[in-house]
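Observations on the model geometry
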Amino acid sequence: MQKLHVRITATSDRFDADDDRWLSQVRLLLDELGREVPLETRHTAGEPGTKSGGLPGVVLVIVPAAVGGVVAVIRDWLKNSRDRSVHLRWEEGGEKGELTVTTKNSDNAALQASVEHWLCSRFRGVEREEGPAPTQGDPSADGDSVG
């Protein structure tokens, strides 16, 4: 079974990365994601651009069947506050990509379809179960923002 390891980082325009209120919100996101897919933690100490304290880096271990659930969790978490964003990054076999999801309207079907398409496109030879990929407003594979 194919698995994709996707590093996830949540950010806020309102809170500092080590603010206890923010860390509580991020833990809620990670708890919900942990119900959908296995999570791996990677300590970020010593990495450029990281603050001391806070939460360790988290990697989602995603299988094709879990993509819809992961997207739903991210969408629902984002819609609770307009100052949040989620950054997804993967690197495998010399290929890499990233996607930053920010939104003012997390119920947008195009947003959900775009993120699902971005994740599903990482699985070679695996068909999407819900239907064809979106054709309008698709983010390209690397370095896009949606929202």
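Residues numbered from 1 in each chain as written. Predicted model: local features only at pLDDT ≥ 70, side-chain atom pairs only at ≥ 80, totals over all residues. Heavy atoms only, no water.

Here's the deal with the pattern of salt bridges
Tallied over the entire structure, the rule returns 4 salt bridges. Here Arg35 ties to Glu32 by a salt bridge, and the two come within 2.6 Å at their closest N and O atoms. With Arg35 and Glu32 both in helix H1 (residues 20-36) and 3 residues apart, the pair spans about one turn of that helix. Judged by relative accessible area, Arg35 falls into the exposed class, the value being 60%. For Glu32, a relative accessible area of 37% puts it in the partly exposed group. (Salt bridge = Lys/Arg side-chain N within 4 Å of Asp/Glu carboxyl O. Helix = DSSP H or I, 4+ residues; strand = E, 2+ residues; numbered from the N terminus. Buried < 20%, exposed > 50% of the residue type's maximum accessible area, 1.4 Å probe, protein only.)

So, the packing of H1 against helix H2 (residues 67-78)
Contact pair H1 / H2: the axes reach a minimum separation of 9 Å and the direction vectors enclose 160 degrees. The angle between H1 and H2 places the two elements in the roughly antiparallel class. At the point where H1 passes H2, the crossing takes the right-handed sense. In this structure, H1 contributes Trp22, Gln25, Val26, Leu29, Glu32, Leu33 and Glu36 to the contact, and H2 contributes Gly69, Val70, Val73, Ile74 and Trp77. Residue classes in the contact of H1 with H2 are distributed as 8 nonpolar, 2 polar and 2 charged. (Axes fitted to C-alpha atoms, helices over the stretch in contact; angles between N-to-C directions. Parallel < 35°, antiparallel > 145°, perpendicular 65-115°, else oblique. Left-handed = near helix turned anticlockwise from the far one by under 90°. Contact = heavy atoms within 4.5 Å. Nonpolar A, V, L, I, M, F, W, Y, C, P; charged D, E, K, R; others polar.)

A word on the nonpolar core
Nonpolar side chains tend to gather and get buried jointly when the protein is soluble and globular. Ranked by internal contacts, the top residues of the largest apolar core, which has 33 residues, are Ile8, Leu33, Ile62 and Leu119. Breaking this core down by element, the ones donating at least two residues are strand E1 (4-12), H1, strand E3 (57-62), H2, strand E4 (84-92), strand E5 (95-102) and helix H3 (109-120). If one sorts the elements of this core by residue count, H2 sits on top with 7 residues. Not counting residues within four places of it along the chain, the set of residues in contact with Ile8 comprises Leu29, Leu30, Leu33, Val58, Leu60, Ile74, Val86, His87 and Leu88. (Core = buried A, V, L, I, M, F, W, Y, C linked by side-chain atoms within 4.5 Å.)

Here's the deal with the confidence of the model for the protein
In this model, the protein carries an average pLDDT of 75, and 68% of its residues clear a pLDDT of 70 or more. Of all the helices and strands in the protein, strand E6 (residues 144-146) carries the lowest mean pLDDT, 48, while H1 carries the highest, 94. In the model, residues 45-53 has pLDDT below 50 throughout and makes 5 contacts with residues more than four positions away in sequence or in other chains. Within the model, pLDDT remains below 50 along residues 128-143, and this stretch shows 28 contacts once partners closer than five positions in the same chain are excluded. (pLDDT = per-residue confidence, 0-100.)

Side note on the packing of aromatic side chains
As enumerated under the stated definition, the model contains 2 aromatic pairs in all. On the numbers, 6.4 Å between centres and 20 degrees between planes, the contact of Phe15 with Trp22 is stacked. Judged on exposure class, the residue Phe15 and its partner Trp22 are both buried. Relative to Trp77, the ring of Trp22 lies with its centre 5.7 Å away and its plane at 55 degrees, an arrangement referred to as tilted. Of the two residues, Trp22 sits in helix H1 while Trp77 sits in helix H2, which places them 55 residues apart along the sequence. Neither Trp22 nor Trp77 differs from the other in exposure class; each is buried. A network of ring pairs unites the aromatic residues Phe15, Trp22 and Trp77 as a single cluster. Cation over ring: Arg84 sits above Trp77, and NZ or CZ is 4.3 Å from the ring centre. (Phe/Tyr/Trp six-rings, centres within 6.5 Å; stacked < 30°, edge-to-face > 60°. Lys NZ or Arg CZ within 6 Å of the ring centre and 35° of its normal.)

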